[in-house]
Amino acid sequence: MTVIHDDLTVEWLGYATLRVADADEDTVVYFDPGRYGVLTGEWEPDTPGVAHPPAREYRPEDGDVVCVTHDHHYDPDGIRRVAGDDATLVVFDGVNTHHVDRVDDRPSDLDVDVEWVDAEADFAVGDAILRTIPAYNTPDGHVDANGDPYHPEGRGCGYLLTLDDTTVCWPGDTDVLDGHEMLDVEVFSPPIGGSFTMDRHEAAALADAMAPDVVVPIHYNTFAALETDSAAFADDLESRGVSVALDEE
């Protein structure tokens with residue numbers, strides 16, 4: 001299912017991968033493409049019966065801009081699958097491939113222009129206006145068995161994309177942070193899987209405060225730790241008068 005809002009199409013391709021395009025597909029932007037087989041047709045959640053977008057081989061190579069939020073979402077194969085000719089890779093400057101043992105290729109090894117960003121960037125790539133925002137777990141939020149945040153402050157970012165006067169927000173792997181409720185966006189794509197990020201209850205409360213035109217949740221039901229009740233999330237928000245689009249079978 002493709003969500004159409006104003007002149008944009010928005011599609012959740014699985015896990016953290018989000019595709020956004022303008023009306024004529026003159027500009028196509030991807031966020032965090034790949035991981036866990038979501039673009040190779042091999043994605044099989046380890047929880048039977050969990051609803052998710054259909055796994056399929058996906059290699060359009062049509063992306064003008066590809067954005068990566070942090071180490072765990074850096075996937076060179078996924079980037080190559082979605083990046084078009086003359087694509088720009090926008091990657092958080094905390095991504096260090098020496099700390100990612102599953103990959104060999106650095107961003108500079110890919111056939112793309114690379115734009116390194118921090119968590120306070122504001123710039124344009126063609127018609128796409130991009131802003132970054134902090135993304136992290138707080139000490140009283142989602143932490144590991146030792147009490148350490150899964151995503152420490154300074155290790156990742158979220159993105160705001162404005163295209164054709166419509167703003168889409170993928171906040172990244174994060175808890176709800178001060179200031180999130182003040183973001184002025186039309187399309188909000190929060191993670192709702194919990195465990196390592198905000199869960200569906202926290203995301204629903206945040207979406208209610210933000211009041212976007214539509215919510216397209218992502219980053220859930222990829223594996224057991226991210227299993228959540230997306231239908232209950234949708235019911236929760238719709239009871240608050242917030243529109244939700246679920247991109248799943």
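Given the structure is predicted, the values throughout are model-derived calculations rather than measurements. (Residues numbered from 1 in each chain as written. Predicted model: local features only at pLDDT ≥ 70, side-chain atom pairs only at ≥ 80, totals over all residues. Heavy atoms only, no water.)

Student: Looking at this structure, how should I read the environment of Asp7?
Tutor: As for its position among the elements, Asp7 is in the loop between strand 1 (3-5) and strand 2 (8-14). The class of Asp7 is partly exposed, set by a relative accessible area of 44%. In this structure the C-alpha to C-alpha distance between Asp7 and Thr174, which are 167 residues apart in sequence, comes to 28 Å. Not counting chain neighbours up to four residues away, the residues in contact with Asp7 comprise Ala21, Asp22, Ala23 and Asp164. (Helix = DSSP H or I, 4+ residues; strand = E, 2+ residues; numbered from the N terminus. Buried < 20%, exposed > 50% of the residue type's maximum accessible area, 1.4 Å probe, protein only. Contact = heavy atoms within 4.5 Å.)

Student: So what exactly am I meant to see when it comes to the packing of aromatic side chains here?
Tutor: Between two aromatic rings, the relevant description is the distance of the centres plus the angle of the planes. In this structure the tally under the stated criterion is 7 aromatic pairs. Here Tyr30 and Tyr58 contribute two aromatic rings whose centre-to-centre distance is 6.5 Å and whose plane-to-plane angle is 70 degrees, an arrangement assigned as edge-to-face. Placement of the pair is Tyr30 in strand 4 (residues 28-31) and Tyr58 in the loop between strand 4 and strand 5 (63-68), with a sequence separation of 28 residues. Tyr58 carries the same exposure label as Tyr30, and that label is buried. Aromatic ring contacts, followed pair by pair, group Tyr15, Tyr36 and Phe223 into a single cluster. The side chain of Arg35 reaches across the aromatic face of Tyr36, ending 4.6 Å from its centre. (Phe/Tyr/Trp six-rings, centres within 6.5 Å; stacked < 30°, edge-to-face > 60°. Lys NZ or Arg CZ within 6 Å of the ring centre and 35° of its normal.)

Student: When you look at the packing of helix 2 (residues 200-210) against helix 3 (residues 230-239) in this model, what are you seeing that I'm missing?
Tutor: When two helices pack together, their arrangement is given by the angle between the helix axes and by the axis-to-axis distance. Between helix 2 and helix 3, the least distance of the axes is 10 Å, while the angle of their chain directions is 25 degrees. With respect to helix 3, the axis of helix 2 lies roughly parallel. Relative to helix 3, the crossing made by helix 2 is right-handed. The segment helix 2 lies against helix 3, with Arg200, Ala203, Ala204, Ala207 and Asp208 engaging Ala232, Phe233, Asp236 and Leu237. Class assignment for the residues of the contact of helix 2 with helix 3 results in 6 nonpolar, no polar and 3 charged. (Axes fitted to C-alpha atoms, helices over the stretch in contact; angles between N-to-C directions. Parallel < 35°, antiparallel > 145°, perpendicular 65-115°, else oblique. Left-handed = near helix turned anticlockwise from the far one by under 90°. Nonpolar A, V, L, I, M, F, W, Y, C, P; charged D, E, K, R; others polar.)

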